[in-house]
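# Observations on chain architecture
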Amino acid sequence: MSTETSVPHPRVSGVEGQPMDASDAALYATLLKEAPGGLAFFDGDLRCRRANDALAALLGVAVRDLQKRRPSEVLPEGVAAAFETALRKVIDEDRPVSDLDLVVPADAPEGPPGDASGVATAVEERILACTWLPARNGDDERPGVVLTALDVTERRRAEEVIRRKEQRYRSLVEASAQVVWVADPGGGVIDDAPEWRAITGQTPDDYAVGGWLSVVHPEDRPRIEAVWRECVEENRVFETNYRIRTKSGTYRHFDVRAVPIWQGDAVIEWVGANTDVTGQREAEEMRGRLTEQLSAAALRTARLQQATSMLAEALTVSQVVQVITEVGRSAIGADYSAVALLDDDKLRLSIVAPSQPGTEGEAVSASASRDAIKVSDQTVMSVAVRESRPFLAEHPDSLRLQLGHGERDLFAQHTEERAWVGLPLLAAGAPIGALRFSFTRPREITEEERVFLEALAGQCALAVERALLFEREHKTAEELQRSLLPSDLPQLPGMVLAARYNPATRHVQVGGDWYDVFRLPDDRLAVAVGDVMGKGVLAAAGMGRVRNALRALALNDPRPAAVLAGLDRLFSATEDEEQFTTVAYVVIDPETGQGEFSNAGHPPPLLISPDAPARVSTLEPGTPLGWPSQRQQTSFSIETGNTVVFYSDGLVENRRRGVDAGLEELVAVAADAPPEVVGDPERLVDFLVDRMLAGYEQVDDVTVLALHVPPKSA
């Protein structure tokens with residue numbers, strides 16, 4: 001596909017003595033004298049041959065000073081440098097340079113006054129929108145360059161003012177946590193408020209009838225209605241606070257401020273904003289309790305700090321539960337503990353199992369083995385969540401008195417329980433779950449212990465929220481990474497392929513590892529494995545560009561050296577110098593196993609044969625993409641019964657193992673593979689990944705691709 005963007009150049013007459021007819025001369029004279037913008041013609045030596053008064057005024061010099069001189073001889077240094085750079089570019093490349101702003105500094109001499117009143121106006125600096133065009137005469141020669149310049153100072157400044165206002169407005173909107181509503185001059189509802197209804201659970205009809213007042217707490221409503229009515233009657237600002245019933249049935253604290261909108265002498269509407277301050281209120285109450293108990297809670301504070309440190313290392317919800325179980329039991333002597341999280345509908349609680357040693361600690365819901373707990377049930381955790389307060393039962397009689405016979409047998413295996421504590425897990429003031437401790441003897445919880453447990457529940461809630469976010473983002477990143485890889489591998493009669501991608505477990509960003517296998521027009525197979533340095537969107541974007549470019553280049557000229565040379569050109573044109581990207585690329589005939597191979601700084605392929613020791617290729621790997629190099633390609637073959645394995649550096653390198661040691665270990669692991677594993681690439685890639693990662697923390701993504709030519713059947 002051609003990228004040529006040049007356009008035909010207009011023929012120029014009347015330059016350097018060439019004749020013009022009367023109409024051309026009139027047009028030429030009018031443009032020079034009357035054009036509102038600057039016009040000039042420069043020859044091949046960058047000297048000004050023609051310039052109009054408008055350009056001279058814009059540059060702050062006289063026309064006679066421009067004639068037959070280069071910009072560097074007349075204009076300030078910075079302006080002259082920009083002028084001559086553009087002129088040389090047009091002359092050298094024979095194409096226009098446009099949309100280039102030129103800034104004329106304030107200390108340049110003032111030109112003729114441009115004010116309609118005839119009074120000179122002071123300008124701090126001028127911004128000129130310049131376009132340089134290559135000029136041609138009747139013989140298609142290029143005698144020079146035509147310049148047009150327009151003063152866009154005011155427009156650019158106006159655009160900057162608008163941009164800053166938009167930025168300020170956007171920042172205010174994004175930083176605001178307010179819910180806005182509108183009322184008519186008499187205080188009645190005008191427009192629907194979907195954001196408000198999402199909090200309260202009101203239907204559009206409910207809101208149209210009662211508005212925001214209908215969900216105010218019954219104890220607050222008489223006061224609020226009276227104040228609102230007075231403000232509407234007197235047209236003064238309405239500012240107060242109240243509690244609002246949410247769609248889950250709980251109440252949250254809101255501050256409200258509404259102002260009348262005037263048009264002339266009349267109020268045409270009211271605009272109000274509700275702000276959820278529940279978290280702030282609860283934080284203030286918590287701060288007060290902690291301050292009162294600080295002197296008596298030194299030991300528990302130390303334990304809480306220990307819990308915070310341990311929770312900071314917990315990545316998954318199950319690991320958080322494990323920490324809370326250990327801290328709770330050691331701090332207050334609890335015999336049993338449990339953590340339950342609210343489901344998405346906020347109507348049920350599901351118990352989360354703690355992680356077991358040696359596992360990744362995936363969250364396990366109690367619903368897998370028994371029914372979930374309904375928030376509306378009479379249980380220790382349900383009450384704690386529903387009322388957003390600690391639940392304490394010092395003995396069985398206290399439990400029956402508070403819950404009746406509602407406590408379900410969800411924990412019936414602990415029949416010896418005699419005292420219970422339930423704590424809501426609150427994130428930004430909203431419940432996300434509950435924490436439960438129980439004792440095998442009657443137990444009174446002191447005020448000091450209660451404060452500690454509430455603080456522990458707060459830390460647990462933060463850790464759970466962070467772990468849930470990590471699990472979601474980690475899953476999303478992994479799915480995104482896999483979506484960028486081939487969904488399946490070609491099925492070939494004479495060759496079997498298998499691939500694995502293992503994302504790192506401690507990051508939530510998409511990586512730059514990739515592999516690709518596709519057929520070429522001549523039925524040969526193109527195989528590529530690459531690695532773009534870094535994590536995140538930039539690495540993924542770079543990976544996508546390299547992968548797509550490789551396919552395009554391979555379909556045009558599949559030779560490995562040609563493809564890598566093309567990728568080098570792509571990198572030189574589009575990528576940062578700091579970007580480090582490696583690629584191993586092979587073209588192979590699946591029927592014969594013969595082909596060509598080229599490597600751009602990627603780890604050497606692993607060669608496995610049933611008749612010889614495993615080894616890694618000793619061919620020179622070459623330089624990474626974009627580094628100056630003469631790309632080479634070598635013959636490549638996979639004999640019958642043999643396997644070639646391509647992989648990323650995450651398989652052989654980590655914080656405790658260097659590349660050289662990793663390659664030696666990879667060869668040793670491959671040598672230990674049983675014959676039935678070597679002959680099955682699906683089992684082989686799993687075997688290599690499991691053995692190479694065993695005992696090491698995986699800090700980088702791992703990609704493995706195996707090509708196996710099975711023995712021919714008798």
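Residues numbered from 1 in each chain as written. Predicted model: local features only at pLDDT ≥ 70, side-chain atom pairs only at ≥ 80, totals over all residues. Heavy atoms only, no water.

## Concerning helix 20 (residues 681-693)
Relative to the 18 Å expected for 13 residues at 1.5 Å per residue, helix 20 spans 18 Å between its end C-alpha atoms, a close match to the ideal helical length. Among the residues making up helix 20, those that are buried are P681, L684, V685, F687, L688, V689, M692 and L693. On its buried side, helix 20 packs onto strand 16 (496-502), strand 21 (606-609), strand 24 (643-647), helix 18 (659-672), helix 19 (675-678) and strand 25 (702-708). N-cap assignment for helix 20: the residue whose side-chain oxygen lies 3.1 Å from the backbone N of E682 is D680. Looking one or two residues past helix 20, G695 carries a phi angle of roughly 85°, positive in sign. (Helix = DSSP H or I, 4+ residues; strand = E, 2+ residues; numbered from the N terminus. Expected span 1.5 Å × (residues − 1). Buried < 20%, exposed > 50% of the residue type's maximum accessible area, 1.4 Å probe, protein only. Contact = heavy atoms within 4.5 Å. Polar contact = N/O pair within 3.5 Å; in protein donor to acceptor, adjacent residues only side chain to side chain.)

## What about the sheet that holds strand 6 (residues 178-183)?
Neighbouring strands of a sheet are bound in pairs by backbone hydrogen bonds; such pairs are parallel or else antiparallel. Across the sheet, four strands lie side by side as 6-9-8-7; this open sheet has antiparallel pairing. Each edge of the open sheet carries a strand with a single partner, namely strand 6 and strand 7 (238-245). Across the sheet, the mean angle from the axis of one strand to that of its neighbour is 30°, orientation sign disregarded. Sheet topology note: the strand 8 (residues 251-263)/strand 9 (residues 266-276) ladder contains ten bridges and is antiparallel. Of the residues in strand 9, the one forming a bridge with P260 is W270. (Pairing = 2+ DSSP bridges. Axes fitted to C-alpha atoms, helices over the stretch in contact; angles between N-to-C directions.)

## Some details on the packing of aromatic side chains
Per the counting criterion, the structure on display carries 14 aromatic pairs. Ring geometry for F42 against F83: centres 6.1 Å apart, planes inclined by 55°, an arrangement best described as tilted. With F42 in strand 1 (residues 38-43) and F83 in helix 5 (residues 77-93), this residue pair connects regions lying 41 residues apart in the sequence. For the pair shown, F42 and F83 are each scored as buried. Seen in terms of ring centroids, W181 and W228 are 5.7 Å apart; in terms of plane orientation they differ by 80°. Their pairing is edge-to-face. Linking W181 in strand 6 with W228 in helix 9 (residues 221-234), this pair joins segments that are 47 residues apart in sequence. (Phe/Tyr/Trp six-rings, centres within 6.5 Å; stacked < 30°, edge-to-face > 60°.)

## Brief notes about the pairing of strand 21
Relative to strand 22 (residues 612-616), strand 21 runs antiparallel, the two being bridged by three bridges. What sits directly across from L607, in strand 22, is R615. In sequence, strand 21 turns back onto strand 22 through a hairpin of two residues. Looking at chain direction, strand 21 and strand 24 are connected through three bridges and run antiparallel. Each bridged residue has a counterpart across the sheet, and for I608 the counterpart in strand 24 is T643.

## A word on the sheet that holds strand 14 (residues 419-427)
On the basis of which strands lie adjacent, the open sheet formed by six strands has the order 12-11-10-15-14-13 and antiparallel pairing. If you trace the sheet from one side to the other, it starts and ends with strand 12 (373-374) and strand 13 (391-393), each paired once. Bridge analysis of strand 11 (residues 348-352) against strand 12 gives two bridges, and the strand direction is antiparallel. Paired with R348 across the strands is K374, a residue of strand 12. Relative to the sheet, helix 12 (residues 317-332) contacts strand 10 (336-342), strand 11 and strand 15 (430-439), its axis offset from that of strand 10 by approximately 145°. Taken strand by strand, helix 14 (residues 396-403) contacts strand 13 and strand 14, and its axis lies near 135° from that of strand 13.

## Some thoughts on the confidence of the model for the protein chain
In the predicted model, the protein chain carries a mean pLDDT of 80, and 81% of its residues have values of at least 70. Averaged over each element, pLDDT in the protein chain is lowest for helix 11 (residues 298-313) (66) and highest for strand 24 (94). This model gives residues 1-16 a pLDDT under 50, and the stretch forms 23 contacts once residues within four places in sequence are excluded. Low pLDDT (under 50) marks residues 108-123, which in the prediction has 15 contacts with non-local residues, meaning those over four places away or in another chain. (pLDDT = per-residue confidence, 0-100.)

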